[in-house]
Amino acid sequence: MPLKERISHIDEVRSWQGSIRLEGVYTAGVAGERWLRGLQEGRIYGTRCPRCRYTYVPARLFCERCFGHLDEATWVEVGPQGTLTSWTRVHVALDGQRLSPPRCIGLVRLDGADALLVHDLLEDGTPLRVGLRVEAVFRPPAERVGSIRDLAYFRPVP
Amino acid sequence: MAGRRVAIVGAGMTKFVRRALETGPELAWEAASKALESCEMTLDQVDAVVLGSAPDAFDGVHMKVEYLSPGAGAWGKPTIRGYVGGGTGVFAAIQGWYHIASGMFDTALVVCEEKMSSCHPHPQAAFNYIFDHTTERPLGPNLLWIFALEMNAYMTKYGLTKRDIALVAVKNKRNAAAHPAAQLGDPNITVEDVLNSEVLAWPVQRLDVSPVTDGAVAVVMAADHVARRVTNRPVWVEGVGWSLDTQYWTNRDLSYPTYVEEAARKAYAMAGIREPRKEIHIVEPYDPFDYKELHHLEGLLLADRGKAAELVALGIANRDGAMPVTPSGGLLGVGNPIAAAGLMKVAELFWQLRGEAGPRQVPGQPKRGLAQAWGDLMQVGTVIILGI
Amino acid sequence: MERWVYPTTGLKQEDLEEARVCMTRAPLRGEYAWDAGVAVGRFLAELKAGRLVGRRCRVCRRVMVPPRMFCEQCFRPTDEWVPLQDTGTVLTFSVCTVAWDMRRLEVPEVPAVIAIDGASPGMGILHKLGEVGRTVDEILDRVHIGLRVQAVWKPPRRREGAITDILYFRPVGA
Ligand SMILES: [Zn+2]
Ligand SMILES: [Zn+2]
């Protein structure tokens, strides 16, 4: 917290205010590009390292465990159902404002994957618990743009 | 020599481009996997990882090295990030050296990455935040100011002309035409092209400046006993040095890089070099701007003060000259992905000293080379001397 | 060595403009209030009063500006405040035609490092020069390293205790 917010006689303290004005424009990368195009088609892919038998989601270009290239042959479809491995309910926004209603975030191990995917979790009244079966819900095809948001949220499997 | 003997045994890099589709970790992996492949090593033979990358703001990712680490082979390994701005690329190799020289590790994978294209509206904007927030930033500065101010101080002190300095850009961009990873190689560029390019911050013009670049470079370093097993042509680290000047840059003599001299003297002493102008056969000084190459040659004691431009004008600094300077093509020609650019210079020495530089090969079987980088608020010098 | 160069996938500007590849845009928005600190806090207060001040280290005898409460060479506290003149000498300058985001400027700016009279030799601050012309050629005609300059202050009631309380430095006698 800057000093000026901690004291009552603000005139006695000299501070200089400023902002950092930058914008990040991120490309998704070689694997990320293809992975997002998959979401656009309503499919979730992973890459499965044949040596380490570990399936990465989102898909990756290389295996960080053995450093091998994860080529064409390693792409596998995972999900769309999976298991909730953890979850949280967030009541405060980035700027400190209360969120109403709170936002629910889930950490999901998709069927066929080893890595976990974090995303919004729809609360439909089902009591949330680790181990709950959930499924991916996509936006309508016309609204998809090749973004992590093309996957709208996970919801409990009815 | 301090500690155990250490060699570079492999090197790899990505092509340098203005904007890569690859993410930072993907660029890092491309370079690192090529470096390992070049010496037929695998990740499980790597004991430690050294990662270098300049400001987080370029990639637009906070704690960038944690982000890059999978692509640098850091999974489950002792990993360190050194950061000295533009000096980082050479400093990363120095860190690789002391990891091994200390006896702590037998091998290290040294990876430098920069993805500058993520930063909008222009990567230069990220440099606004190096200026003092209270006494400088309210003036609305930009990065070009400090280079232009330094270049003018240097030119004026020694009576150098723009033409004297533009010859560096011509030499380096021509050299880069023979580099397979180069972004801006141009075999036909002339000094008029440089002098007629757009004025950005006088005396700095467009072609005096290195480009914005995405890219990564990696080298594999090993202790003596491992190096000899891996390759019959290890390239030894003979000397290292680094030094930092005051952060109060407006209180310095901008016409001479004292901190580079301090770093060079340490490296020469360690390498047992008494006459650097005779004993260094290839120089890769840091050249983000053309005048910086001259500035650094003087700081490295490889030219008298104010006289480095003569080495270029007389062809002594050409690839086939008596003291080849920046045979790679440098930052001006190959490109300037900040930290990766410094390590590119180290990789160039590795290839040159092994006789593997192809069309860029410096003739006469050079035995010893020096790479230097510079950065922070124009205040750090990092130097490494390699030999076979 | 060509074998050890990975053929990175280069993109063109059009690939982004025409959204041929997926992109995520995110502003890095940080708002800060930087405390000026002890030495620069006083420096700013003096600027508001229309004065420049430095700090002396009695060991190395340097009078430093910008002022600091410690001497980074002797690594000890500095000892006293020293009033400085608002005149000085241009140590180096540039004629800058682009802004921080690389937009062209209509009238170039002239940043300069100015050694302030009363401080030790070579002790400069970053500021801008004014009243020196409106084009690169005009400015290069009028400005040189070694030029004597004087601060042009904001009127007292518009000062706020900032480095910009000095509008710019102009040639002495201009
Ligand atoms: Zn694997
Ligand atoms: Zn002192």
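Sequence positions are assigned chain by chain, starting from 1 and proceeding in written order. Going through the entries in the order they are written, you letter the chains from A and number the ligands from 1. In keeping with the predicted nature of the model, local features appear solely for residues at pLDDT of at least 70, side-chain atom pairs appear and are counted solely at 80 or more, and the whole-chain, interface and lining totals rest on all residues. The basis for every side-chain value is the complete set of heavy atoms in the structure, and neither hydrogens nor water enter the calculation.

1. Quick word on the pattern of salt bridges
Rules: Salt bridge, as used here: a side-chain nitrogen of Lys or Arg that lies within 4 Å of a carboxyl oxygen of Asp or Glu. Every helix listed is a DSSP run of H or I at least four residues long, and every strand listed is a run of E at least two residues long, numbered separately from the N terminus. Throughout this description, buried means an accessible area under 20% of the type-specific maximum (1.4 Å probe, protein chains only), exposed means over 50%, and partly exposed covers the range between.
Scanning the model with the defined rule gives 51 salt bridges over all chains in all. D56 of chain B is paired through a salt bridge with R81 of chain B; the nearest N and O atoms lie 3.0 Å apart. One end of the pair, D56 of chain B, is in helix α2 (residues 56-59); the other, R81 of chain B, is in strand β3 (residues 79-82), and 25 residues separate them in sequence. The class of R81 of chain B is partly exposed, set by a relative accessible area of 28%. Through salt bridges with shared partners, a single ionic network connects R103, D120 and R149 of chain A.

2. Re the coordination of the zinc ion (ligand 2)
Residue and element names in this part refer to chain C. The line we're drawing: Ligating atoms shown are N, O and S within 2.8 Å of the metal, or 3.2 Å for Na, K and Ca, and water is not included, meaning a site may look less than complete.
All of the protein donors around the zinc ion (ligand 2) are C57 (SG), C60 (SG), C71 (SG) and C74 (SG); their distances to the metal are 2.2 to 2.3 Å. Taken in sequence order, the residues that donate to the zinc ion (ligand 2) follow the motif C-x2-C-x10-C-x2-C. Given a relative accessible area of 0%, C71 falls into the buried group.

3. A look at the coordination of the zinc ion (ligand 1)
Residues and elements named next belong to chain A. Inclusion rule: Square planar and octahedral assignments, for four and six donors respectively, both demand that opposite donors be over 155 degrees apart and that all other angles lie between 65 and 115; tetrahedral needs four donors with all angles between 85 and 135 degrees, and anything else is irregular.
Looking at the zinc ion (ligand 1), one finds its protein donor set to be C49 (SG), C52 (SG), C63 (SG) and C66 (SG), positioned 2.2 to 2.3 Å from the metal centre. Coordination geometry of the zinc ion (ligand 1): the four donor atoms subtend angles of 105 to 114 degrees at the metal centre, consistent with an arrangement described as tetrahedral. Within one chain, the residues donating to the zinc ion (ligand 1) are spaced in sequence as C-x2-C-x10-C-x2-C. You can see C52 sitting in the loop between β2 (44-49) and β3 (54-56) and its partner C63 sitting in the loop between β3 and β4 (75-78), a full 11 residues away along the chain. Judged by its relative accessible area of 29%, C52 is partly exposed. Note on C63: relative accessible area 0%, which makes it buried.

4. Considering the packing of helix α6 (residues 162-176) of chain B against helix α11 (residues 290-299) of chain B
All names here are of chain B. As a reminder of what qualifies: Lines fitted to the C-alpha atoms define the axes, with helices restricted to the stretch that makes contact. Angles between their N-to-C directions range from 0 to 180 degrees. In these notes the angle categories are as follows: under 35 degrees is roughly parallel, over 145 is roughly antiparallel, 65 to 115 is roughly perpendicular, and the rest is oblique. Throughout, a residue-residue contact means that at least one pair of heavy atoms, one from each residue, lies within 4.5 Å. By the convention adopted, Pro, Cys, Tyr, Trp, Phe, Met, Ile, Leu, Val and Ala count as nonpolar, Lys, Arg, Asp and Glu as charged, and the other residues, Gly among them, as polar.
Two numbers describe how α6 lies on α11: the axes approach to 7 Å, and their chain directions differ by 100 degrees. In terms of axis orientation, α6 runs roughly perpendicular to α11. Each of I165, A166, V168, A169, K171 and N172 in α6 lies in contact with α11, whose residues at this interface are D290, Y291, E293 and L294. Looking at the contact of α6 with α11 residue by residue, the classes come out as six nonpolar, one polar and three charged.

5. With respect to the interface of chain C and chain B
For clarity, the threshold we go by: The definition of a polar contact used here is a pair of N or O atoms within 3.5 Å, where within protein one atom must be able to donate a hydrogen and the other to accept one, and adjacent residues in sequence count solely through side-chain atom pairs.
In this assembly, 55 residues from chain C lie in contact with 62 residues from chain B. Inspection of the region where chain C meets chain B yields one salt bridge. Salt-bridge contacts for R104 of chain C lead to E198 of chain B; the nearest nitrogen and oxygen are separated by 2.3 Å. Where chain C meets chain B, there are 26 residue pairs in polar contact (both at pLDDT 80 or more). Of the residues forming the side of chain C that touches chain B, the biggest block, five residues, is contributed by strand β12 (residues 124-128) of chain C.

6. Quick notes on the sheet that holds strand β5 (residues 119-120) of chain B
Quick reminder of the rule: In short, DSSP must find at least two bridges between two strands for them to pair.
Taken in spatial order, the three strands line up as β5(B)-β1(A)-β2(C) in an open sheet, and their pairing is antiparallel. The outermost strands of the open sheet, each flanked by one partner alone, are β5 of chain B together with β2 (23-35) of chain C. Bridge count for strand β1 (residues 15-27) of chain A against β5 of chain B is two bridges, and the pairing is antiparallel. By the bridge assignment, E23 of chain A is partnered in β5 of chain B with H120 of chain B.

7. Focus on helix α9 (residues 258-271) of chain B
Test applied: For a helix, the expected span equals 1.5 Å multiplied by the number of residues minus one.
The first and last C-alpha atoms of α9 of chain B sit 20 Å apart over 14 residues, in line with the 20 Å expected at 1.5 Å per residue. Phi turns positive one or two residues past the end of α9 of chain B, at G272 of chain B, with a value near 70 degrees.

8. Quick word on the interface of chain C and chain A
Quite often, the size of an interface is put as the accessible area lost when its parts meet. To keep things clear, this is the line we draw: Two parts placed together each lose some accessible area; with a 1.4 Å probe, that loss summed over both constitutes the buried area.
With 29 residues of chain C in contact, the opposing surface of chain A contributes 23 residues. Summed over both partners, the interface of chain C with chain A comes to about 2,300 Å²; 56% of that surface belongs to carbon and sulfur atoms. Its largest share of buried area at the contact with chain A, chain C owes to C22, L28 and W34 of chain C, together 28% of the area lost on that side. Viewed at the interface, chain A and chain C are joined by one salt bridge. Residue E23 of chain A pairs with R25 of chain C through a salt bridge whose shortest N-O separation is 3.3 Å. Across the chain C-chain A interface, the total number found is seven residue pairs in polar contact (both at pLDDT 80 or more). Per-element tally for the side of chain C that touches chain A: the top contributor is β2 of chain C, with 13 residues. For the side of chain C that touches chain A, the residue count by class is 17 nonpolar, six polar and six charged.

9. Re unusual backbone geometry
The step from V57 of chain A to P58 of chain A runs through a cis peptide bond, and the omega angle for that step is -5 degrees. Mapped onto the fold, P58 of chain A is located in the loop between β3 and β4. We note that F67 of chain A has phi near 70 degrees; this positive angle belongs to a residue other than glycine. Assessed through its relative accessible area of 6%, F67 of chain A is described here as buried. Positioned with a positive phi, R61 of chain C is a non-glycine residue whose angle comes to about 65 degrees. The residue R61 of chain C is located in the loop between β3 (52-56) and β4 (63-64) in this model.

10. Some details on the environment of D15 of chain C
Residue and element names in this part refer to chain C. Note that D15 resides in helix α1 (residues 13-17). Under the relative-accessibility criterion, D15 is labelled buried at 13%. Setting aside anything within four residues of it in sequence, one finds D15 in contact with R20 and V21. A distance of 2.7 Å separates a polar side-chain atom of D15 from the backbone nitrogen of K12.

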